Amino acid sequence: MSETLKKQNSSPRLELLNITKQYPGCLANDQICMTLMPGEIHALLGENGAGKSTLVKTIYGVVSPDSGQIIWDGHEVDIKSPSIARDLGIGMVFQHFSLFETLTVAQNIELCLSKEQLSEIGNLAQRIRDLSKAYGLNVDPERYVHSLSIGERQRVEIMRCLVQSVKLLILDEPTSVLTPQEVAGLFTVLRQLSSEGCSILFISHKLHEVTEICHNATILRGGKFVGDCEPANETPATIAKMMVGDLAEQDAGYEKAHGQEMIFAAKNLTLASKNPFGTSLKAVNFELLKGEILGIAGVAGNGQEELMSIISGEDSRSLKNVLTLDGADLGVLSAGARRKSGLAYVPEERLGRGAVPEMSLSENTLLTHSRGFVKSGLVNWAAVKEYAKSLINQYSVKCHGEFSEAKSLSGGNLQKFIMGREIGQNPKVLICAHPTWGVDVGAALAIHQALLQLRDQGAAILLISEDIDELFLLADRMAAVCDGHLSPVVRTEDTSIDQIGQWMAGTFINDSNSSEALT
Amino acid sequence: MIRVQARTEPSTLMTFASPFLAIVLTLIFGSVLFSALGKDPIQALHVLLVLPLSDAYNISEMLVKMGPLLLCAVGLSLCYRANMWNIGAEGQLLAGALGGSAMALQFVDSDSALAMPLTLFAGILSGMAWAAIPTYLKTKFNSNLILTTIMLNYIALYLLIWAVHGPLRDPAGFGFPESALFSDATLLPVLFDSGRVHLGVVLAVLLALVAWFLLSKSHLGFKIRVYGADEPAATYAGFNAKAISWFVMLFAGALAGLAGVAEVAGPIGQLTPNISPGYGYSAIIVAYLGRLHPAGAIIAATFLAILYMGGDLAQIEMGIPIAVVGMFQGVLLFFLLACDFFIRYRIVPSRENMA
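The structure presented is a predicted model; accordingly, all values stated were derived computationally and were not measured. (Residues numbered from 1 in each chain as written. Chains lettered and ligands numbered in written order. Predicted model: local features only at pLDDT ≥ 70, side-chain atom pairs only at ≥ 80, totals over all residues. Heavy atoms only, no water.)

Digging into the overall build of chain A
Then, in step 1: Within chain A, the regular secondary structure consists of 19 helices and 23 strands.
Then, in step 2: What you see for chain A is a C-alpha radius of gyration of 25 Å, in line with the 24 Å of a compact globule of 519 residues.
Then, in step 3: In terms of principal-axis extent, the alpha carbons of chain A reach across some 70 × 60 × 40 Å.
Then, in step 4: Expressed as a percentage of the 519 residues in chain A, the buried residues total 55%.
Then, in step 5: The contacts of chain A with a sequence gap of at least 6 include a subset with a gap of at least 24, amounting to 67%. (Helix = DSSP H or I, 4+ residues; strand = E, 2+ residues; numbered from the N terminus. Rg over C-alpha atoms; globule rule 2.2 N^0.38 Å. Buried < 20%, exposed > 50% of the residue type's maximum accessible area, 1.4 Å probe, protein only. Contact = heavy atoms within 4.5 Å.)

What follows is the structure, encoded as C-alpha cells:
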C-alpha cells in the first residue's frame, strides 16, 4: 500500500473474502480475496479467462457468487442486482457501452436514475454541466449519443456513474478504444476522482498503463489469486510474468525489414459504406511491398472494417483499376478468385467468420484451404484431417484434436489455428485484422513470430490493429486511419507514438486535402 | 420452482432423441383425442401405425406414398441446410406432374422406348423451372423465399386444374376433368407382381443416398453446410452464395418434379386434379423429423407414409375422419419444434437467491 493512501487510512471501502463462482465446466473464481481502500486505484490483471470479468460482475451484482462474502464500508452486503450495487455507490463502465444512440446524453443518464435520485438532483442537465466542468469531461447533455465519438461515449458512461455520487468506479478495459491522447485525458479524470476519495477498479491488458496509474494490482490466473503488487515498483515485464507464469517468453524488439518490390496497391480507393452507420473510404492510397509489414493504426470504426472487406472481396462491389495484386486487377474478382490469386485474410471475428463455430477444426481447415484437398469435386477428408493435425502441432493449438469444434477452443488458440491456416496457403499478401485482440501473452508471442516469419519469406502483410504497441513492435511502415482517410505512410523508425496518435485523431486530414489540391 | 437455462453447448442426445420424444407425445395426444371421439385409443393406434405394415399389399401401398415424400424431403433438407427456406415442394411437385403429363400425352398411342424417359425428363425440368422462379426473385431482388414459394404452390395448383379442364382434358372423357390414360410405354415399371411399387420409389431411395454422399463427401456439399451454418464464414471463404442458392433450389425442384411425374406416370396413370394429398407440405415435416439428413429422411418418410396409410385404413375400419392424418402431422411438427427447444436449453430447479 502506498504512503499517500496509508495516511488517509480509514477502513476499507470494499473487501472481498473467498469469492468462489463455479460455471459448468469452469471454476471462474476460486476463493478470491481483495481489499480496496477509499481513493485507491486498483488494477485487476490477468489473461483472458483468468476470472476478471466474473469477479467484477460479482461486485456489480450481475453474477451471484456461490460462496464468499462482500464487505462494503464495514458491513456484509448481498449485492443481488446492479440496482442494489448502484444504490451502494458502485458504478461500472462496461467495455461495450450501453447507451441508446437515438437519445441525448441527459436522457441516457436519466434512464438509469431512480425517481428519488432525480428529485434530489433537480436540474439534471445543469448537474451534468457542473460535473463536466469539475472533471474536464467535456460532456454536453443536449447532444445525441449517435453524434459522439467512442471516447466521448465513454465519458458519458463515466458521467452516468458520477451523477450517482459513485464511491467505487469499475472500468473494464477502458483504454482499448481510445487514442493515446484520449487515454491521457481519462487518466487525469481518474486521478482527480481518486484524490477525492473515490475508489477505482481498473481492468486492463496494457501493463504500462497499469504501472502508470494504479496504486495496487491484484493478479488472477486461471480463476485463482496469484499475487498482488504495487505496480509503481514493478516493470511491465515482471507483471506479465506474474500473469502468465514463469514459462512465457517476452516479446523482444524485432528487426525491421525493408520491402523491395511492390506487390499490392490501392489507388485512390473511394467507396461509400454499405452500412448506414459505417465509415466511407475517402481516397485511400497505399502500396504493399514484398517482405514487409504495413501497419494501420486507428480507433475502431474509422473505416478499417470497410477497407478489409473491399480488399478481401467480402464486399462484392466490383472496382476497376483500384486494387492491384501482382499487376492483376484484383477489384473485379470474386472473393474466392482473390484467394486463388494469392490473397489470404485473418478477420477480426474469429468465431462466426474466420471459423464456423459448430464445425470441426478439419472442416474449418477446408473452409479457406482447399488447394490439393479437392479432386473432381470430392473432398479427400483423410488428407484434410492430417493437415489439420499438422497445423495444430505446428502452432501448438490447445484442443482435443482435429475433430474439436471451433467454438470449443479459447480465442487465442482459435486465432493461432486461423493464422496457421492462412499462412499455410503461402499467400503473396496477408491481410490481418487485430491478430492478438483478446489473446493471452503466450499466444500473442506465437502469432507475432508467425507473422514475422511469413514476412521474412517474402510475403506482404497488411496489419490492422488498435494496439499501437503491437504495431510499433511488428510494422516496418505505418499509417493511421481516421474517418475513412488514410494518413501518409512512414517508416516505423521515423515516427513516434505521439505522431501516430495525432494521426489517429485526424490531424493529417486537412494537410493531405490541401496537398491533394496542389497536385 | 423451475427455470429455463441455456445449455453451454447443444445437446447431441436431444438432437436425436427429440424426434422420438415428439412421436411419443403425438401418440399420447392422439390417444386422448380418440377417447374423446368415443373410439378405443388402442385400436385406433393399432389401425394407424401397425395395420399399414401388416401385409404385403399395405406395405406396398405405404411405399408408394413414401416415394414422393422422400423425394421432396431430400430436396428440402438440402435447401434448409443452406438456409434457403423453400416451402414450395408442393408447387414444384404439381409442376412436375403437369409438365410430365403434357409430355406423356404426346405418347398416348405410342409404344416408343423414349416415352417413359422423356416423360420423366419433362417432369424434372418442369419442377426445376418452377423452383427457378422464386430463386431468381431471391437472388436478384432478395425477395422473401418463404412467401414466393408458398404463393407459387397455389399458382401451380390452379394451373394444373386449368390444364385438366382445358388443354390436357381427355377429348373422349365425357367432360370429366381428367387427361387421357397414359400408354403402357409411358408408365413407370412396377417392381413386384402384386402391389403398385414402381421405379420411382427406388429412385427416391437412391437419390437420398446420392444427396447423403453429396453433403458429406463433396466440396459443394461442404460449401452448402458452411453457407447454412454460418453465412459470414461462407462469404469470408469466398464461396459463391448465388451458385449455392441456385444449386439447392434446382436440386429440390428436380426431385419434387420427379416426385410429381412419378405419381402421374406411376400409380395414377393419368393427370387428375388431385394428384397430391399435400406431399410437398408433409415433406417439410419429414425433413425436420429426419434432422435435415438424407438418411434420416428415409426413416422419417417411412413413418409419415405409415401415418398416411393408417389414416386411410382408420377411415375405412373405424370411421375416423381422414382429417385426423393432417392433424396428426401438425401435432407432430408442433411437438418436434417444442422438443427441439431442449437441444439448446434445459430446465433446472431455480435457486432461492435468484429471485
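Overview of the overall build of chain B
Then, in step 1: Counting its secondary structure elements, chain B contains 13 helices and two strands.
Then, in step 2: Computed over the C-alpha atoms, the radius of gyration of chain B is 22 Å, within 12% of the 20 Å expected from 2.2 N^0.38 for a compact globule of 355 residues.
Then, in step 3: By principal-axis analysis of the C-alpha atoms, chain B measures approximately 80 × 60 × 35 Å.
Then, in step 4: Expressed as a percentage of the 355 residues in chain B, the buried residues total 53%.

Topic: the UniProt feature "transmembrane region" (unreviewed entry) in chain B
Then, in step 1: Taken from the UniProt record, the annotation "transmembrane region" (unreviewed entry) applies to residues 12-37, 114-133, 145-164, 197-215, 243-262, 282-308 and 320-343 of chain B.
Then, in step 2: For residues 282-308 of chain B, the helix share is 85%, the strand share is 0%, and the end-to-end C-alpha distance is 10 Å. (UniProt positions renumbered as here; feature names shortened; annotations may be inferred.)

Here's the deal with the pattern of salt bridges
All names here are of chain A.
Then, in step 1: Evaluation of the coordinates by the stated rule reveals 28 salt bridges over all chains.
Then, in step 2: As a salt-bridge pair, Arg153 and Glu101 come within 3.0 Å of each other at their nearest N and O atoms. Taken together, the residues span a long stretch of sequence, with Arg153 in helix α7 (residues 150-163) and Glu101 in the loop between β6 (90-93) and α4 (105-111) at a distance of 52 residues.
Then, in step 3: Given a relative accessible area of 14%, Arg153 falls into the buried group.
Then, in step 4: When salt bridges with common partners are traced through the structure, they connect Glu305, Glu314, Glu349 and Arg353 into a single cluster. (Salt bridge = Lys/Arg side-chain N within 4 Å of Asp/Glu carboxyl O.)

What to know about a nonpolar patch on the surface
Then, in step 1: A grouping of Leu191, Phe192, Val202, Leu206, Leu209 and Trp212 of chain B is seen on the molecular surface, where their side chains present a nonpolar patch of about 540 Å² in accessible area.
Then, in step 2: Among the secondary structure elements, Phe192 of chain B is positioned in the loop between α6 (145-165) and α7 (199-217). (Patch = residues over 30% accessible without salt bridge, like charges linked within 9 Å, V, L, I, M, F, W, Y side chains within 5 Å. Areas by Shrake-Rupley, 256 points an atom, 1.4 Å probe, with all protein chains shown as cover.)

Remarks on the side chain of Ser18 of chain B
All names here are of chain B.
Then, in step 1: Examined against the element boundaries, Ser18 turns out to sit in helix α1 (residues 12-36).
Then, in step 2: Judged by its relative accessible area of 0%, Ser18 falls in the buried class.
Then, in step 3: For Ser18, the residues in contact, after removing those within four places along its chain, are Arg291, Leu336, Cys339 and Asp340.

With respect to the sheet that holds strand β15 (residues 328-329) of chain A
Residue and element names in this part refer to chain A.
Then, in step 1: Reading across the sheet, the four strands line up as β12-β11-β14-β15 and stay open at both edges, with antiparallel pairing between neighbours. With partners counted over all chains shown, the strands left at the sheet margins are β12 (281-289) and β15, one partner each.
Then, in step 2: One ladder, built from six bridges, connects strand β11 (residues 262-271) with β12; its direction is antiparallel. The residue bridging Phe264 from the neighbouring strand is Leu288, located in β12.
Then, in step 3: Where helix α11 (residues 304-312) meets the sheet, its contacts fall on β11, β12 and β14 (323-325), and the angle it forms with β12 comes to roughly 60°. (Pairing = 2+ DSSP bridges. Axes fitted to C-alpha atoms, helices over the stretch in contact; angles between N-to-C directions.)

A look at the nonpolar core
Then, in step 1: By size, the foremost hydrophobic cluster in this structure holds 191 residues, and its most contacted members are Phe264 and Phe286 of chain A.
Then, in step 2: The element best represented in this core is helix α12 (residues 294-318) of chain B, accounting for 14 residues.
Then, in step 3: When sequence neighbours within four positions are dropped, the list of residues in contact with Phe286 of chain A reads Phe264, Ala265, Ala266, Leu294, Leu307, Ile311, Leu462, Leu486 and Val489 of chain A.
Then, in step 4: Membership of the second largest hydrophobic core comes to 48 residues, among which are Ala106, Ile109, Cys161 and Val163 of chain A. (Core = buried A, V, L, I, M, F, W, Y, C linked by side-chain atoms within 4.5 Å.)

Description of the domain arrangement of chain A
Then, in step 1: As assigned here, chain A comprises domain 1 (1-89 + 168-174 + 193-245), domain 2 (95-165) and domain 3 (262-518).
Then, in step 2: Of note, the centres of domain 1 of chain A and domain 3 of chain A, computed from C-alpha atoms alone, are 35 Å apart. (Domains from an automatic or database assignment.)

Points about the interface of chain A and chain B
Then, in step 1: Every contact between the two is made by 31 residues of chain A and, on the other side, 24 residues of chain B.
Then, in step 2: Linking chain A to chain B there are one salt bridge.
Then, in step 3: Across the pair Arg225 of chain B and Glu363 of chain A runs a salt bridge whose closest N-O atoms are separated by 2.7 Å.
Then, in step 4: Applying the counting criterion to the chain A and chain B interface returns eight residue pairs in polar contact (both at pLDDT 80 or more).
Then, in step 5: Every element with two or more residues in the side of chain A that touches chain B is listed here: α12 (335-340), β16 (343-346), α13 (361-368), β18 (378-379) and α15 (411-423) of chain A.
Then, in step 6: The element contributing the most residues to the side of chain A that touches chain B is α13 of chain A, with four residues. (Polar contact = N/O pair within 3.5 Å; in protein donor to acceptor, adjacent residues only side chain to side chain.)

Observations concerning the packing of aromatic side chains
Then, in step 1: Under the defined criterion, the tally for this structure stands at 16 aromatic pairs over all chains.
Then, in step 2: Arranged with centres 6.0 Å apart and planes meeting at 65°, the rings of Phe187 of chain A and Phe202 of chain A form a pair that is edge-to-face. With Phe187 of chain A in helix α8 (residues 180-195) and Phe202 of chain A in strand β8 (residues 199-203), this residue pair connects regions lying 15 residues apart in the sequence. The same class applies to Phe187 of chain A and to Phe202 of chain A, which are both buried.
Then, in step 3: Ring geometry for Tyr136 of chain B versus Phe141 of chain B: centroids 6.2 Å apart, planes at 85°, classification edge-to-face.
Then, in step 4: Each member of the aromatic cluster is reached from another via a ring pair, and the members are Phe29, Phe334 and Phe335 of chain B.
Then, in step 5: Over the ring of Tyr236 of chain B we find Arg339 of chain A; its NZ or CZ atom is 4.9 Å from the centre of that ring. (Phe/Tyr/Trp six-rings, centres within 6.5 Å; stacked < 30°, edge-to-face > 60°. Lys NZ or Arg CZ within 6 Å of the ring centre and 35° of its normal.)

Thoughts on the environment of Ser112 of chain B
Residues and elements named next belong to chain B.
Then, in step 1: Along the chain, Ser112 turns up in the loop between α4 (89-104) and α5 (115-141).
Then, in step 2: Placed 73 residues apart in sequence, Ser112 and Ala185 show a C-alpha to C-alpha distance of 6.5 Å.
Then, in step 3: With residues up to four places along the chain from it excluded, the contact list for Ser112 reads Phe107 and Ala185.
Then, in step 4: Within the local environment of Ser112, its side chain forms a polar contact with the backbone nitrogen of Leu114, the two atoms lying 2.9 Å apart.

Section: empty space enclosed by the protein
Then, in step 1: Counting across every chain of the model gives three cavities of 30 Å³ or more.
Then, in step 2: In this structure, the largest cavity occupies an estimated 50 Å³ of space.
Then, in step 3: Lining the largest cavity we find Ser312, Glu314, Ala335, Arg339, Leu343 and Tyr345 of chain A together with Thr235 and Tyr236 of chain B.
Then, in step 4: Taken together, the elements giving at least two residues each to the lining of the largest cavity come down to α12 and β16 of chain A together with α9 (231-237) of chain B.
Then, in step 5: Along the lines of polarity and charge, the residues of the lining of the largest cavity split into four nonpolar, two polar and two charged. (1 Å grid on protein atoms, 1.4 Å probe; cavity = no way out; pocket = protein on both sides within 12 Å on 5 of 7 lines; lining within 4 Å. Points joined across faces, edges and corners; volume = space filled by probe spheres on them. Nonpolar A, V, L, I, M, F, W, Y, C, P; charged D, E, K, R; others polar.)

What about helix α10 (residues 241-268) of chain B?
Residues and elements named next belong to chain B.
Then, in step 1: With 28 residues, α10 extends 39 Å between its outermost C-alpha atoms, agreeing within 8% with the 40 Å of an ideal straight helix rising 1.5 Å per residue.
Then, in step 2: Maximum bend of α10: about 30°, positioned at Ala262.
Then, in step 3: Just downstream of α10 lies Gly269, where phi reads positive at about 85°. (Expected span 1.5 Å × (residues − 1). Bend = angle between axes of the 7 residues up to and from the residue.)

Considerations on the confidence of the model for chain A
Then, in step 1: When pLDDT is averaged across chain A, the result is 85; 93% of the residues are at 70 or more.
Then, in step 2: Counting contacts from residues 514-519 of chain A, a segment whose pLDDT is below 50, to residues more than four positions away or on other chains yields one contact. (pLDDT = per-residue confidence, 0-100.)

Some thoughts on the environment of Leu94 of chain B
Residues and elements named next belong to chain B.
Then, in step 1: Inspection of the secondary structure puts Leu94 in helix α4.
Then, in step 2: The exposure class assigned to Leu94 is buried, which follows from its relative accessible area of 3%.
Then, in step 3: Sequence spacing of Leu94 and Ser126 is 32 residues, and the spatial spacing of their C-alpha atoms is 9.0 Å.
Then, in step 4: Not counting chain neighbours up to four residues away, the residues in contact with Leu94 comprise Asn153, Ala156, Leu157, Leu160, Ile275 and Ser276.

Some points on the environment of Gly68 of chain A
All names here are of chain A.
Then, in step 1: In this structure, Gly68 sits in strand β4 (residues 67-72).
Then, in step 2: Measuring from C-alpha to C-alpha, the distance between Gly68 and Leu445 comes to 36 Å, with 377 residues separating the pair along the chain.
Then, in step 3: Those residues within four positions of Gly68 in sequence are excluded, and the remaining contacts are Leu17, Asn18 and Ile19.

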